[in-house]
Amino acid sequence: MDGKLMLQTVDYIVIVVMLLIPLGIGIFFAIKDAKRKTRVEYLLGGRRMSLWPVALSIFVTYQSAISLMGFPSEVYQHGPMIFGMYPGVVAIYLLSYCVLVPLLYPLQLTSIYEYMELRYKSKGVRLMATAMGIVQTFFYMTVALLAPGLALEAAAGIPFWMSVVIVGVTGTIYTAAGGIKSVIWTDVFQTAISFIGVYGVIIKSTYDMGGIRKAFEINKEGGRMRFDSISPDPRVRHTWWNTIIGGAFMWLTPIFNQSTVQRISSMKSLRDARLTMAINIPVNLFYGATIIIMGWCLYAYLYHIRCDPIQAGLLTNYNQLPPFYVIHAMHAVPGMTGLYMSAIFSAALSTLSSGINALATNTVEDILQKPLKSVSEKTALAITKVVVVIFGIAIIAMAYVARSAQGPVTQMSTSVVSLFGSSVVGMILLGCTVPWGNKYGAVCGALVSLAINLWLGIGAKLYGRKTLSLTPVPSDQCFNSTMEEIESHFESSTRNSTQYYTVLNKREDELNHFPDEFSPYDLSYQWYGFIGVFLCYVIGLIVSRLIIGKIKTQTDSKLIIGCLRRFWNMKNPDIVSSSVDSDLSLHEI
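Residues numbered from 1 in each chain as written. Predicted model: local features only at pLDDT ≥ 70, side-chain atom pairs only at ≥ 80, totals over all residues. Heavy atoms only, no water.

Some remarks on the overall build of the chain
Next up, step 1: When helices and strands are tallied, the chain shows 23 helices and zero strands.
Next up, step 2: Expressed as a percentage of its 589 residues, the buried residues of the chain come to 62%.
Next up, step 3: Considering only residue pairs separated by 6 or more positions, the chain has 88% of its internal contacts joining residues 24 or more positions apart.
Next up, step 4: Looking at the chain as shown, the accessible area adds up to about 22,800 Å², and 65% of this sits on carbon and sulfur atoms. (Helix = DSSP H or I, 4+ residues; strand = E, 2+ residues; numbered from the N terminus. Buried < 20%, exposed > 50% of the residue type's maximum accessible area, 1.4 Å probe, protein only. Contact = heavy atoms within 4.5 Å. Areas by Shrake-Rupley, 256 points an atom, 1.4 Å probe, with all protein chains shown as cover.)

What follows is the structure, given as structure tokens:
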């Protein structure tokens with residue numbers, strides 16, 4: 001196979017245009033809102049944002065380049081069981097629609113961590129949660145920025161550092177210029193580009209292979225269409241148990257994330273805020289199915305041309321497979337590869353812009369709150385924009401440092417979110433479900449949860465069982481075929497599969513075989529979110545109960561989930577708005 005195919009001129013033009021449009025959107029809102037120089041306008045869009053843009057913005061923020069590259073690679077390496085996380089995701093969006101948004105929207109929060117101070121009456125708890133949330137968001141943004149860098153390096157030979165800088169700087173500029181409005185409306189544009197790019201690749205490649213049915217047949221024979229993993233062993237990488245339960249608890253972190261709460265608070269009404277969650281259910285299911293199908297197309301294509309580029313040494317990382325597949329499958333259609341690369345960049349930009357906007361909000365609202373009270377609103381807004389730029393530069397630098405990280409980007413992102421975010425989720429759930437839960441229980445639960453999760457995560461990296469992959473496709477044609485021969489191979493090849501599938505079945509048996517001695521370092525990464533939330537919540541309950549008689553605890557009913565107020569004999573409050581400074585007297589921890 002010719003491993004040196006490059007992007008064509010028209011592909012570069014498409015990519016440049018797709019990068020310039022977000023910059024234009026940012027400049028437009030910077031000029032349009034020049035007279036509304038307030039942080040409420042900059043961070044929350046004046047609390048007048050519309051339903052559909054916000055709903056799509058929430059969707060594309062967490063379905064980033066990580067999923068566009070990671071899910072197809074995951075299907076190729078481990079099969080499609082990762083799709084099992086989507087029932088858990090749907091459950092969390094339903095929970096959000098029914099109880100979480102009705103709890104958070106009336107509070108009119110700017111920062112999600114304001115809730116910590118309101119609920120636990122402690123600035124210390126708020127700052128601790130803010131620190132954990134910033135770390136989680138920062139490292140998730142780093143992983144999100146890695147994906148397009150790897151893509152452009154693999155597909156076009158452009159240096160990794162250059163592509164990271166281009167994407168990072170673009171996202172930083174339009175976020176700093178236009179604030180939340182430019183982020184949300186750019187997300188709408190990027191959602192469309194993502195779907196168009198992916199479906200363009202699916203349609204073209206399946207047509208060349210003789211139709212989607214043929215692609216499915218190849219995947220079925222290759223073990224890439226098995227959804228039957230129901231093993232109760234927590235060490236198995238993906239089963240229905242850990243993907244649904246783990247996916248649900250992992251997805252609580254994005255729901256209780258600054259980016260989501262910021263968007264909820266920017267809405268015109270509670271009704272619209274709830275509907276954003278409802279809209280995300282079908283959109284996420286459709287998107288999940290789409291990128292799994294793309295993974296099947298990737299496997300079928302590589303099998304047809306009999307070339308695994310990793311085994312052949314053409315690539316060094318499985319995360320580079322999707323762009324490799326696209327640039328070879330789409331080479332005959334000028335601009336098609338550029339459109340797919342633009343989809344990856346768009347997804348990365350949406351996540352990056354939302355992340356640095358959230359990081360800046362947490363910094364100025366949670367950490368610099370008191371110092372900024374003594375300055376003018378114009379100065380405070382300028383400082384906010386400077387913080388956006390600082391975080392953008394820091395994430396670019398960290399992405400370059402993390403370039404050598406190995407393993408599927410889906411696993412890296414899920415691990416980062418679960419390890420750091422689950423403790424914050426546990427603190428919030430303790431506060432909003434149990435009125436006698438207190439700051440001591442929240443702090444103890446969060447610290448123990450974080451410590452154990454980090455121990456498991458770091459231990460798994462150092463001492464855990466290495467993850468086995470399904471048998472890769474044959475690589476005997478990687479250097480023996482021209483692109484013209486590969487195309488004719490689609491029409492004439494037959495699969496000599498007896499020996500190949502004997503090896504494949506043997507590999508599948510090895511995947512689920514573990515030593516009799518149980519090691520916690522072999523736990524599937526899918527369980528980290530559940531373990532973190534469970535430990536934080538249970539330990540928080542125990543500690544709170546032990547000291548409940550020694551401190552006075554009085555919880556405002558508006559901070560408890562509505563359906564639980566009757567259970568705890570609490571009255572439903574009439575809420576207009578809420579602020580940390582005016583509604584509650586606060587004490588340091």
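Examining helix α9 (residues 212-221)
Next up, step 1: When we look at burial in α9, the residues that qualify are Ala215, Ile218 and Asn219. Mapping the buried residues of α9 onto a view down its axis gives an arc of 95 degrees, with all of them on the same face. Relative to its buried face, α9 has exposed residues pointing more than 90 degrees away, namely Arg213 and Lys220.
Next up, step 2: Gly223 occupies a position one or two residues after α9 and carries a positive phi of about 75 degrees. (Arc of directions from axis to C-beta.)

Concerning the environment of Leu23
Next up, step 1: By the secondary structure assignment, Leu23 is in helix α1 (residues 9-32).
Next up, step 2: For Leu23, a relative accessible area of 21% translates into the label partly exposed.
Next up, step 3: Apart from the residues lying within four places of it in its own chain, the contact partners of Leu23 are Thr170, Ile173 and Tyr174.

Some remarks on the pattern of salt bridges
Opposite charge on two side chains lets them pair, provided their charged atoms get close.
Next up, step 1: With the rule as written, the count across this model stands at ten salt bridges.
Next up, step 2: With a shortest N-O distance of 2.7 Å, Asp366 and Arg126 are connected by a salt bridge. With Asp366 in helix α14 (residues 336-367) and Arg126 in helix α7 (residues 123-156), the pair connects residues that are 240 residues apart, well separated along the chain.
Next up, step 3: Across the salt bridge formed by Asp233 and Arg235, the nearest N and O atoms sit 3.1 Å from each other. Each member of the pair, Asp233 as well as Arg235, is classed as buried.
Next up, step 4: Linked by salt bridges that have partners in common, Glu41, Arg48 and Lys181 make up one network. (Salt bridge = Lys/Arg side-chain N within 4 Å of Asp/Glu carboxyl O.)

Notes on helix α5 (residues 85-104)
Next up, step 1: Its 20 residues place the ends of α5 only 25 Å apart at the C-alpha level, less than the 28 Å of an ideal helix rising 1.5 Å per residue.
Next up, step 2: By the largest-angle criterion, Ser96 marks the main kink of α5, which is about 55 degrees. (Expected span 1.5 Å × (residues − 1). Bend = angle between axes of the 7 residues up to and from the residue.)

Quick word on the packing of helix α3 (residues 51-62) against helix α12 (residues 270-304)
Next up, step 1: It is at 9 Å that the axes of α3 and α12 come closest, and there the two elements cross at 50 degrees. One way to sum up the angle between α3 and α12 is to call them oblique. α12 is crossed by α3, and the crossing has right-handed handedness. Note on element contacts: α12 touches α3 through Asp272, Leu275, Thr276, Met277, Ile279, Asn280, Val283, Asn284 and Tyr287, opposite Leu51, Trp52, Val54, Ala55, Ile58 and Phe59.
Next up, step 2: Here the contact of α3 with α12 is built from residues that sort into eleven nonpolar, three polar and one charged. (Axes fitted to C-alpha atoms, helices over the stretch in contact; angles between N-to-C directions. Parallel < 35°, antiparallel > 145°, perpendicular 65-115°, else oblique. Left-handed = near helix turned anticlockwise from the far one by under 90°. Nonpolar A, V, L, I, M, F, W, Y, C, P; charged D, E, K, R; others polar.)

Quick word on the nonpolar core
Next up, step 1: Trp251, Leu302, Tyr325 and Met427 are the most contacted members of the largest nonpolar core, which totals 166 residues.
Next up, step 2: With 17 residues, α12 is the largest single contributor of residues to this core.
Next up, step 3: Apart from residues lying up to four places away in sequence, Leu302 is in contact with Tyr76, Cys307, Pro309, Leu321, Phe324 and Val473. (Core = buried A, V, L, I, M, F, W, Y, C linked by side-chain atoms within 4.5 Å.)

A look at the packing of α5 against helix α10 (residues 240-255)
Next up, step 1: As a packed pair, α5 and α10 sit with axes 7 Å apart at the nearest point and diverge in direction by 45 degrees. Viewed along their axes, α5 and α10 adopt a mutual orientation that is oblique. As for how α5 packs across α10, the hand of that crossing is right-handed. Each of Met85, Pro87, Gly88, Val89, Ile92, Tyr93, Leu95, Ser96 and Leu100 in α5 lies in contact with α10, whose residues at this interface are Thr243, Ile244, Gly247, Ala248, Met250, Trp251, Leu252 and Ile255.
Next up, step 2: In terms of residue class, the contact of α5 with α10 is made up of 13 nonpolar, four polar and no charged.

Remarks on unusual backbone geometry
Next up, step 1: If you check the backbone angles, Arg47 has positive phi at about 55 degrees while not being a glycine.
Next up, step 2: Residue position: Arg47 is located in the loop between α2 (39-44) and α3.
Next up, step 3: In this structure, Gln108 is a non-glycine residue whose phi angle is positive, near 50 degrees.
Next up, step 4: Topologically, Gln108 is positioned in the loop between α5 and α6 (114-120).

Focus on the packing of aromatic side chains
Any aromatic ring pair is given by two values, namely how distant the centres are and how the planes are angled relative to each other.
Next up, step 1: What the rule picks out here adds up to 23 aromatic pairs.
Next up, step 2: When the ring of Tyr199 is compared with that of Phe286, the centres are 5.8 Å apart and the planes differ by 15 degrees; the resulting orientation is stacked. With Tyr199 in helix α8 (residues 160-208) and Phe286 in helix α12, the pair connects residues that are 87 residues apart, well separated along the chain.
Next up, step 3: Within the aromatic cluster, the residues linked to one another by ring pairs are Phe59, Phe195, Tyr199, Phe286 and Tyr287.
Next up, step 4: Above the face of the Tyr97 ring, Arg274 is positioned so that its terminal group lies 4.2 Å from the ring centre.
Next up, step 5: Seen from the ring of Trp436, Arg545 lies directly overhead, with NZ or CZ sitting 4.9 Å from the centre. (Phe/Tyr/Trp six-rings, centres within 6.5 Å; stacked < 30°, edge-to-face > 60°. Lys NZ or Arg CZ within 6 Å of the ring centre and 35° of its normal.)

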